[in-house]
Amino acid sequence: MHDLLKKVIDRNATASDVALLEELCDMVKSTSLCGLGQSSPNPVLTTLRYFRNEYEALVVSDQSVPDMAIADAKETV
Amino acid sequence: MTAVVVALKIDGRDVSGRADETILDVCRENKIPIPTLCFLEGLSGWGACRLCLVEVKGSNKLLSSCVTKVTEGMDVTTTSPRLEKYRRMIVQMLFSERNHVCSVCVSNGHCELQNLAQKMEITHINIPYRYPKLPLDASHDLFRLDHNRCVLCTRCVRVCDEIEGAHTWDVAGRGVESHVIIDLDQPWADSSSCTNCGKCVRVCPTGALTRKGTGVAEMEKDESFLPYLTRMREHNT
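Cut-off values and rules
- Residues numbered from 1 in each chain as written.
- Chains lettered and ligands numbered in written order.
- Predicted model: local features only at pLDDT ≥ 70, side-chain atom pairs only at ≥ 80, totals over all residues.
- Heavy atoms only, no water.
- Pairing = 2+ DSSP bridges.
- Helix = DSSP H or I, 4+ residues; strand = E, 2+ residues; numbered from the N terminus.
- Axes fitted to C-alpha atoms, helices over the stretch in contact; angles between N-to-C directions.
- Contact = heavy atoms within 4.5 Å.
- Polar contact = N/O pair within 3.5 Å; in protein donor to acceptor, adjacent residues only side chain to side chain.
- pLDDT = per-residue confidence, 0-100.
- Parallel < 35°, antiparallel > 145°, perpendicular 65-115°, else oblique.
- Nonpolar A, V, L, I, M, F, W, Y, C, P; charged D, E, K, R; others polar.
- 1 Å grid on protein atoms, 1.4 Å probe; cavity = no way out; pocket = protein on both sides within 12 Å on 5 of 7 lines; lining within 4 Å.
- Points joined across faces, edges and corners; volume = space filled by probe spheres on them.

Residues and elements named next belong to chain B. Across the sheet, which stays open at both edges, the five strands sit in the order S2-S1-S5-S3-S4 with mixed pairing between neighbours. With partners counted over all chains shown, the strands left at the sheet margins are strand S2 (13-18) and strand S4 (62-64), one partner each. When the angles between neighbouring strand axes are averaged without regard to direction, this sheet yields 40 degrees. As defined by bridge partners, strand S1 (residues 5-10) adjoins strand S5 (residues 75-77) across two bridges and the pair is classed as parallel. Each residue of the ladder has a partner; that of Lys9, found in S5, is Asp75. Seen against the sheet, helix H2 (residues 81-97) touches strand S3 (53-56), S4 and S5 and runs at an angle of roughly 160 degrees to S3.

Structure follows, in structure tokens:
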């Protein structure tokens, strides 16, 4: 999660990285046993909910990634 | 003591079980498949791998079925698109966490992690690999410990403590730094508590603990001794 956020801040992340970040947060939140795991993704999830445009502004376009790879990634998710 | 029988619903089916059984026990009795990794019949429940998570009506959390006891009127769902998505992600995260290179692993073809991935039809990992630099302990005369293949299921820790009674194994470190250790984090050969029984090697789901002298795909494991051993001991007490 931290690596993905860093990638976003460094302007290296693509839209698929943000999607992965969101999925990862959702998964950690729902599958964790302890309260720390269940609540620690909250800051990321809420910033994604209320400040999504800021994430999108930092994301570089997916054009550099071949379309095939994106289609594959979407299929397996 | 008479056992209390409770009635519950699993995947819409009416089933019954003893009150001291877990959801997973009842599912296994009724041939309802739930993927597991850290669970092993004969050992205590651990609830660490999170693969056996199920949805229970009335609870907003997902519960691990290997440590949740059945109660009267429970309504359990064992498979849903949401659960399957999480389970796939958990297996992918296990692969990305350490260096699980099946093609050169002695447990290739007999590995529970590999079987899980095959069953879930995972062809590639979406999460970036971490490639940690982890050591290998081959100091013991008979066995080998490879941290690269360890999934931290703690089966070795539990079998050594509960069945053998030696408690040679333990888990050290936190979070991503967690790893299994022998005695006071010393080489296996220097362990004073290890009895060389090899139970840990037999219960390890992956190629983390193996017998020396095995080549690629030659390490076959046999865990069937465990339930018998536990049941026999229960009868004796």
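This part is about the sheet that holds strand S7 (residues 143-146) of chain B. In spatial order, the strands read S6-S7-S10 (chain B); together these three strands make up an open sheet with antiparallel pairing. Of all strands in the sheet, those bounded by a partner on one side alone are strand S6 (136-137) and strand S10 (209-211) of chain B.

Residues and elements named next belong to chain B. Considering the arrangement of structural elements, one finds Asn99 in the loop between H2 and helix H3 (112-119). Here the side chain of Asn99 touches Pro132 through a polar contact of 2.9 Å, landing on its backbone oxygen. In this structure Asn99 touches Tyr131, Pro132, Asn148 and Arg149, once residues within four positions along its chain are discounted.

A few words now on the confidence of the model for chain B. Looking at chain B as a whole, the pLDDT averages 89, with 99% of positions reaching at least 70. We note a pTM of 0.83 for the whole complex and an ipTM of 0.74 for its interfaces.

Taken N-terminus to C-terminus, the directions of helix H2 (residues 15-31) of chain A and H2 of chain B make an angle of 105 degrees; their axes are 10 Å apart at the nearest point. Judged by the inter-axis angle, H2 of chain A sits roughly perpendicular to H2 of chain B. Between H2 of chain A and H2 of chain B, the residues in contact are Leu20, Glu23, Leu24, Asp26, Met27, Ser30 and Thr31 of chain A and Arg82, Lys85, Tyr86, Met89, Ile90 and Met93 of chain B, respectively. Its residues assigned to classes, the contact of H2 of chain A with H2 of chain B shows seven nonpolar, two polar and four charged.

Let's shift gears to the layout of surface pockets. Residue and element names in this part refer to chain B. When its volume is computed, the second largest pocket comes out at roughly 690 Å³. Forming the boundary of the second largest pocket are 20 residues, of which Asp25, Glu41, Gly42, Arg231 and Glu234 lie nearest the centre. When contributions to the lining of the second largest pocket are tallied by element, the ones reaching two or more residues are helix H1 (23-29) and helix H6 (225-236). Taken together, the residues that form the lining of the second largest pocket break down as five nonpolar, five polar and 10 charged.

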